[in-house]
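Coordinate analysis (summary)
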Amino acid sequence: MLRYLVQRVIYMLITLFVVVSATFFLMKIVPGTPFNSEKLTDEQVEIMNREYGLDQPVPVQYLNYMAKTIQGDLGYSFQFNNTPVTELLSERVGPSAFLGFQAMLVGTIIGIFLGVVAALKQNTWVDYTSTFVAVVGKSIPSFIFAGLMQYYIAVKLGWFPVMFWEGYEYSILPTIALSMFPISIAARFMRTEMIDVLNSDYITLAKAKGASYLQISVKHALRNALIPVVTVLGPLAVGLMTGSLVVEQIYSVPGIGEQFVSSILTNDYPVIMGTTILFAALFVFVTLLVDILYGIIDPRIRLAGGK
Amino acid sequence: MADKDMKLTRDMFEPVSVNTTKSEKIEKPSLNFWQDSWLRVRKNKAAIVSMVILVLIVLMAFIGPLMSPYEYDKQNASHSNLPPRVQGLEDISWLPFDGTLEKKDGTIVHPYEDRNIENYYWFGTDSLGRDLFARIWQGTQISLLIAVVAALLDMLIGVTFGAVSGYFGGRIDNLMQRIIEVLMGIPNLIIVVLMILVLPPGIIPIIIALSITGWVGMARVVRAQVLKLKEQEFVLAARTLGESTPKILFKHIIPNMFGVIIINTMFSIPNAIFFEAFLSFIGLGLPEKEASLGTLVEAGFRSMLAFPYQMIIPAIMISLTMVVFNMIADGLRDALDPKMRD
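Residues numbered from 1 in each chain as written. Chains lettered and ligands numbered in written order. Predicted model: local features only at pLDDT ≥ 70, side-chain atom pairs only at ≥ 80, totals over all residues.

**What to know about the overall build of chain B**
So the rule is basically this: The secondary structure listing takes helices from DSSP runs of H or I that are at least 4 residues long and strands from runs of E that are at least 2 residues long, numbered from the N terminus. Contacts are defined on C-beta atoms placed from the backbone: any two residues whose C-beta positions lie within 7 Å are in contact.
From N to C terminus, chain B includes 13 helices and two strands. Once the C-alpha set of chain B is aligned to its principal axes, its extents read approximately 90 × 75 × 35 Å. Put simply, 70% of the contacts in chain B that link residues at least 6 apart link residues at least 24 apart.

The structure is reproduced here in structure tokens:
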């Protein structure tokens with residue numbers, strides 16, 4: 001287990017190193033500069049370049065950037081009056097994290113419920129409805145949901161605020177839009193697992209012992225079927241990250257995703273790089289966490305290399 | 001039951017003569033892999049319906065732009081933002097094709113009559129007066145093109161990478177697997193966005209950006225299959241007979257995993273459609289003149305409040321396409337997956 005852990009952490013570091021390097025060099029070759037206001041004279045641009053270290057050779061800039069990144073300094077935003085990127089992002093972590101957790105929670109709970117019901121009522125209309133909901137939820141992009149809900153529920157019916165972030169009710173529509181993906185993935189996965197478990201010998205034994213339907217489905221089947229669901233949490237978190245970019249933009253939620261999109265449009269390199277690194281770090285961390293969690297919850301899983 | 005009273009007499013039975021020549025006879029014609037799979041796909045009604053819809057969508061993607069009397073990129077300022085109106089359906093008020101538009105305050109306006117326009121725009125027009133019917137199908141065509149080409153590229157790279165890695169094993173495999181592991185560690189959203197930032201906007205850059213990350217899943221699946229298949233006797237036989245390595249790989253091993261490859265490709269098509277639309281949505285899509293489902297949804301979204309039809313029609317189109325592809329992929333997986341065959 002320890003060897004496995006060390007190995008995984010090393011991979012994590014290599015991955016992050018690759019991401020940081022890649023973002024740096026890609027940003028160097030993108031067209032456009034941060035100082036393209038027509039009011040600036042060449043001289044002023046030169047001064048600004050020197051100020052931000054953009055006049056040095058690329059390898060030097062790279063080393064500087066690496067050293068700073070390791071120390072947790074992601075540079076300064078070009079757009080927002082020299083605000084440090086770390087500060088800019090930390091202000092925005094709150095709404096994103098809140099939305100992400102809420103969507104994840106709502107999504108997995110509803111998804112697991114749908115999956116279990118579908119498995120218990122296999123090949124009935126309940127099952128077909130649940131499967132259909134899952135396919136539709138997985139297929140339709142979250143920004144379509146977000147857009148349609150914003151129009152029909154917020155604008156037409158006026159049940160919820162249309163956009164912005166000024167209270168709990170502002171988080172409801174974005175959460176629903178984001179949770180469609182977790183719902184469908186969790187439902188499909190749960191259904192397969194549950195059917196698998198329901199066909200296993202210990203369920204037959206429980207039935208033979210005369211355990212009640214409720215006891216069998218909850219105590220024996222559900223508890224065992226829940227274990228592998230941990231493995232889909234990783235992909236779900238990634239899906240939420242992708243979804244958050246557009247959903248936050250649609251509902252004007254002041255989160256990381258919205259920041260990322262607006263930075264792309266304004267060529268604000270340090271913020272783009274900082275956000276990318278943050279996303280990558282989150283992703284790598286979640287994957288590792290899920291793997292470890294899985295090993296702890298289910299002792300039957302033998303981790304590779306942990307003989 | 002009445003049957004109980006029935007008397008069983010001896011003459012009701014006769015001994016069966018075992019004909020040894022007939023017992024070996026094969027009753028049904030033997031099916032090859034594809035026929036067998038087709039039998040199973042056919043049972044999945046959702047998949048069949050989806051296939052029919054998909055065929056219609058693909059046909060319309062090519063015929064649609066020609067059916068409309070207007071060009072997809074022809075601007076006409078005096079015909080801007082017209083709601084959908086269809087000949088014959090315009091008098092049915094509950095259908096959204098009557099050429100009227102409900103304003104935000106609830107009043108109904110008749111832009112066609114108000115502006116003295118005789119034309120019929122089946123799906124309406126956008127803010128530059130371009131015919132949305134032609135644009136939708138043109139956009140479907142472009143989106144499908146991007147998705148299919150990206151999926152094929154994924155397949156090509158993934159199969160080659162996976163097959164080489166799995167077949168040769170040892171140090172090559174080790175190195176290739178490490179590369180995959182690092183690539184898997186990076187969220188593909190980030191790679192796609194960064195690639196698009198660097199490359200000039202256009203169809204080919206989007207395809208490249210999608211393929212850069214897309215092949216990894218395929219490579220992993222193919223490698224696992226190759227590892228399994230290369231131990232089989234027919235590979236040993238081919239090797240003993242002196243067959244060259246590429247031939248063994250491409251003639252003996254890969255044909256045996258067509259099922260897995262097809263399933264994976266089918267799943268990567270809707271994924272590519274999604275990413276194309278996603279990129280348009282965050283402002284990194286195709287240039288404005290071009291139409292793809294993504295750019296249409298994005299443009300529609302901006303004018304959603306005043307002209308909801310501009311958002312809703314492309315949204316339905318992209319959702320339908322994605323659902324249909326996913327349904328077919330699911331059906332194929334159930335039918336082709338070797339794990340389900342037992």
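**Remarks on the overall build of chain A**
Our working rule: The burial label depends on the number of other C-beta atoms within 10 Å of a residue's C-beta. Counts of 20 or more mean buried, 12 or fewer mean exposed, and intermediate counts mean partly exposed, with C-beta atoms placed from the backbone.
Along the backbone of chain A there are 12 helices and zero strands. The order of helices and strands in chain A, counted from the N terminus, is α-α-α-α-α-α-α-α-α-α-α-α. Out of the 307 residues in chain A, the part that is buried amounts to 37%. A separation of at least 24 residues holds for 74% of the contacts in chain A among residues at least 6 apart in sequence.

**Here's the deal with the packing of helix α11 (residues 258-281) of chain B against helix α12 (residues 293-302) of chain B**
Residues and elements named next belong to chain B. Inclusion rule: Axis lines are fitted through C-alpha atoms, for helices just across the contact stretch, and the angle between N-to-C directions can take any value from 0 to 180 degrees. Note on terminology: angles under 35 degrees are roughly parallel, angles over 145 are roughly antiparallel, angles of 65 to 115 are roughly perpendicular, and the others are oblique. Crossing handedness: left-handed means the near helix sits turned counterclockwise from the far one by under a right angle, and right-handed means the same turn made clockwise.
For the pair α11 and α12, interaxial distance at closest approach is 7 Å and the crossing angle is 40 degrees. Viewed along their axes, α11 and α12 adopt a mutual orientation that is oblique. Viewed along their axes, α11 and α12 form a crossing whose handedness is right-handed. Taken together, the residues of α12 that come into contact with α11 (itself represented by E276, A277, L279, S280 and F281) are L293, G294, T295, V297 and E298.

**Some points on the interface of chain A and chain B**
The accessible area lost on association of the parts is a frequent measure of interface size. Counted only if it meets this: Three classes are used: nonpolar for Ala, Val, Leu, Ile, Met, Phe, Trp, Tyr, Cys and Pro, charged for Asp, Glu, Lys and Arg, and polar for all others, with Gly counted as polar.
Across the contact, 36 residues belong to chain A and 32 residues belong to chain B. Contributions of two or more residues to the side of chain A that touches chain B are made by α1 (2-29), α5 (125-139), α6 (142-156), α10 (229-250), α11 (256-265) and α12 (269-297) of chain A. Examining the composition of the side of chain A that touches chain B, we find that nine residues originate from one element, α1 of chain A, more than from any other. Looking at the side of chain A that touches chain B, its residues break down into 28 nonpolar, seven polar and one charged.

**A few points about the packing of helix α4 (residues 85-120) of chain A against α11 of chain A**
Residue and element names in this part refer to chain A. It is at 7 Å that the axes of α4 and α11 come closest, and there the two elements cross at 130 degrees. Taken as axis vectors, α4 and α11 run oblique relative to one another. Listed contacts from α11 to L89, R92, V93 and S96 of α4 are I256, G257 and Q259. In terms of residue class, the contact of α4 with α11 is made up of three nonpolar, three polar and one charged.

**Focus: the UniProt feature "domain: ABC transmembrane type-1" (unreviewed entry) in chain B**
Heads up, the rule is: UniProt positions are given in the numbering used here, feature names are shortened, and annotations may be inferred rather than shown by experiment.
Sequence positions flagged by UniProt for "domain: ABC transmembrane type-1" (unreviewed entry) are, in local numbering, residues 140-329 of chain B. Across residues 140-329 of chain B, the secondary structure splits into 82% helix and 0% strand, with the terminal C-alpha atoms separated by 19 Å.

**Quick word on the UniProt feature "transmembrane region" (unreviewed entry) in chain A**
Residue and element names in this part refer to chain A. UniProt records the feature "transmembrane region" (unreviewed entry) for residues 9-30, 97-120, 132-152, 172-190, 225-251 and 271-297 in the present numbering. With 100% helix and 0% strand, residues 97-120 has its two end C-alpha atoms placed 34 Å apart. A distance of 38 Å separates the end C-alpha atoms of residues 271-297, which is 100% helix and 0% strand.

**Overview of the UniProt feature "transmembrane region" (unreviewed entry) in chain B**
Residue and element names in this part refer to chain B. With numbering aligned to this structure, UniProt lists the feature "transmembrane region" (unreviewed entry) at residues 46-67, 142-167, 179-197, 203-222, 257-286 and 306-329. Between the first and last C-alpha atoms of residues 46-67 the distance is 29 Å; the span itself is 100% helix and 0% strand. A distance of 37 Å separates the end C-alpha atoms of residues 306-329, which is 88% helix and 0% strand.

**Description of the environment of R10 of chain B**
Turning to its location among the elements, R10 of chain B is positioned in the segment before α1 (20-23). Placed 101 residues apart in sequence, R10 of chain B and P111 of chain B show a C-alpha to C-alpha distance of 89 Å.

**A closer look at the nonpolar core**
Put simply, the rule is: Note on terminology: a nonpolar core is any set of buried Ala, Val, Leu, Ile, Met, Phe, Trp, Tyr and Cys residues joined through C-beta atoms within 7 Å.
Core analysis: the largest hydrophobic core is formed by 152 residues, its most contacted members being V192 and V297 of chain B. For this core, the element with the highest residue contribution is helix α13 (residues 309-336) of chain B, accounting for 17 residues. Apart from the residues lying within four places of it in its own chain, the contact partners of V297 of chain B are I144 of chain A together with A277, F281, M311, P314, A315 and I318 of chain B.

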